[in-house]
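Understanding the architecture of this molecule
Next come the chains, spelled out residue by residue.
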Amino acid sequence: IKEQFDHIVKAYNTGATQNESGEYGPNYIDVCTYTNYEDEDTLSVLFFYGLGATDIPWPDYYTYNFDLKDGSKLSFESLCNKRGIKNDEAKALIEKNLKQAHEETVNYLEKDEKEKYYNETMKNFEEAFSKDEIQYFLNSEGELQVIVKLYTAAGRGWIDQIITVK
C-alpha cells in the first residue's frame with residue numbers, strides 16, 4: 001500500500017508542477033479528492049485531481065484496488081468476479097455504455113464526424129482493455145466503475161468518462 005501511496009503523492013506533485021505544455025512550473029489545481037469503498041475483503045480507492053486555470057478542471061484519475069486479506073492488488077477480472085460479473089460480460093456492458101456516453105458527448109456533430117470520433121474512442125478502449133490498462137474501482141455504493149477516454153471535437157480531444165458496469 002505504501003508503494004501506491006507514493007504513486008499518489010508523485011501524481012499530485014507532477015500535476016501541481018507541470019503545465020499544459022509539459023514544462024515544469026506552478027500549475028493550478030482546482031480540486032483534489034478521493035473516494036473509497038471498503039467491505040470485509042476489498043479496498044477500492046479513486047484519487048482525482050483537476051488541473052485548472054481553464055473554464056473547467058481537466059481531470060486526472062488514479063485507481064487502486066486491494067484484497068484486504070493479503071494486501072495484494074486486485075485485477076479487473078478479480079474485481080469483476082467479486083461482483084459476480086464475467087470479464088467478457090463486463091467488456092460488453094462497458095462498450096454499450098461507452099457508446100451511449102459518446103453519443104451524448106458528440107451529439108452536435110454530423111454523422112460522419114460522430115463515426116470518426118466513435119471509432120477512435122472504441123479503438124482506444126479495445127487497446128487499453130486488451131493490455132489490461134483500464135482503470136477501475138468500486139464507487140462508494142460498491143458499484144464497479146471504469147474510466148474510459150472519449151475522443152471529442154472540443155478541448156484537448158480526449159476526455160475521461162466514468163462508466164458504471166451494469
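Structural data are supplied above this passage.
In this report, we go over the structure that sits alongside the text. Predicted, not measured: the structure shown is a model, and the values here were computed from it.

Time to look at the sheet that holds strand E5 (residues 144-151). Taken in spatial order, the 3 strands of this open sheet run E4-E5-E6, and their pairing is antiparallel. Every interior strand has two partners, whereas the edge strands, strand E4 (135-138) and strand E6 (158-164), have only one. Averaged over all pairs of adjacent strands, the angle between their axes in this sheet comes to 30°, without regard to strand direction. In the sheet, E4 pairs with E5 via 4 bridges, with the strands oriented antiparallel. Residue pairing for E5: Leu138 is matched across the bridge by Leu144. With respect to the sheet, helix H3 (residues 87-105) is in contact with E5 and E6, its orientation differing from that of E5 by roughly 45°.

Turning to the packing of H3 against helix H4 (residues 111-130), a few remarks are in order. Viewed as axis vectors pointing N to C, H3 and H4 meet at an angle of 155°, and their least axial separation amounts to 11 Å. With respect to H4, the axis of H3 lies roughly antiparallel. At the point where H3 passes H4, the crossing takes the right-handed sense. Between H3, through Asn87, Lys91, Ile94, Glu95, Leu98, Lys99 and His102, and H4, the contact on the second element is made entirely by Lys114, Tyr117, Tyr118, Thr121, Met122, Phe125, Glu126 and Phe129.

Going through the model one piece at a time under the given rule, you end up with 7 salt bridges. For Glu95, the salt bridge goes to Lys91, with nearest N and O atoms at 3.6 Å. Of this pair, Glu95 and Lys91 both sit in helix H3, 4 residues apart, which is roughly one turn of that helix. Assessed through its relative accessible area of 22%, Glu95 is described here as partly exposed. Among the residues examined, Lys91 registers a relative accessible area of 22% and is labelled partly exposed. Taking the shortest distance from any N to any O, the salt bridge between Lys131 and Glu127 comes out at 3.4 Å. According to the relative accessible area criterion, Lys131 is partly exposed, its value standing at 47%.

Within the fold, Lys73 resides in the loop between strand E3 (58-67) and helix H2 (76-82). On the accessibility criterion, Lys73 (54% relative accessible area) is exposed. Lys73 sits 31 residues away from Thr42 along the chain, and the two C-alpha atoms are 9.7 Å apart.

Once that is clear, we can look at the nonpolar core. Residues Phe76, Ile94, Ile134, Leu144 and Val146 are the most contacted members of the largest nonpolar core, which totals 23 residues. Looking at this core, the elements that each hand over two or more residues are H2, H3, H4, E4 and E5. Residues Phe47, Tyr49, Tyr62 and Tyr64 belong to the second largest nonpolar core, which totals 7 residues.

On the surface, Glu110, Asp112, Glu113 and Glu115 cluster together to form a negatively charged patch. As for its placement among the helices and strands, Asp112 is situated in helix H4.

Cut-offs and rules
- Residues numbered from 1 in each chain as written.
- Predicted model: local features only at pLDDT ≥ 70, side-chain atom pairs only at ≥ 80, totals over all residues.
- Heavy atoms only, no water.
- Pairing = 2+ DSSP bridges.
- Helix = DSSP H or I, 4+ residues; strand = E, 2+ residues; numbered from the N terminus.
- Axes fitted to C-alpha atoms, helices over the stretch in contact; angles between N-to-C directions.
- Contact = heavy atoms within 4.5 Å.
- Parallel < 35°, antiparallel > 145°, perpendicular 65-115°, else oblique.
- Left-handed = near helix turned anticlockwise from the far one by under 90°.
- Salt bridge = Lys/Arg side-chain N within 4 Å of Asp/Glu carboxyl O.
- Buried < 20%, exposed > 50% of the residue type's maximum accessible area, 1.4 Å probe, protein only.
- Core = buried A, V, L, I, M, F, W, Y, C linked by side-chain atoms within 4.5 Å.
- Patch = residues over 30% accessible without salt bridge, like charges linked within 9 Å, V, L, I, M, F, W, Y side chains within 5 Å.
- Areas by Shrake-Rupley, 256 points an atom, 1.4 Å probe, with all protein chains shown as cover.
- Lys, Arg positive; Asp, Glu negative; His and termini not counted.
- Charge placed at Lys NZ, Arg CZ, Asp CG, Glu CD.

Nothing here speaks to function; it is all geometry.
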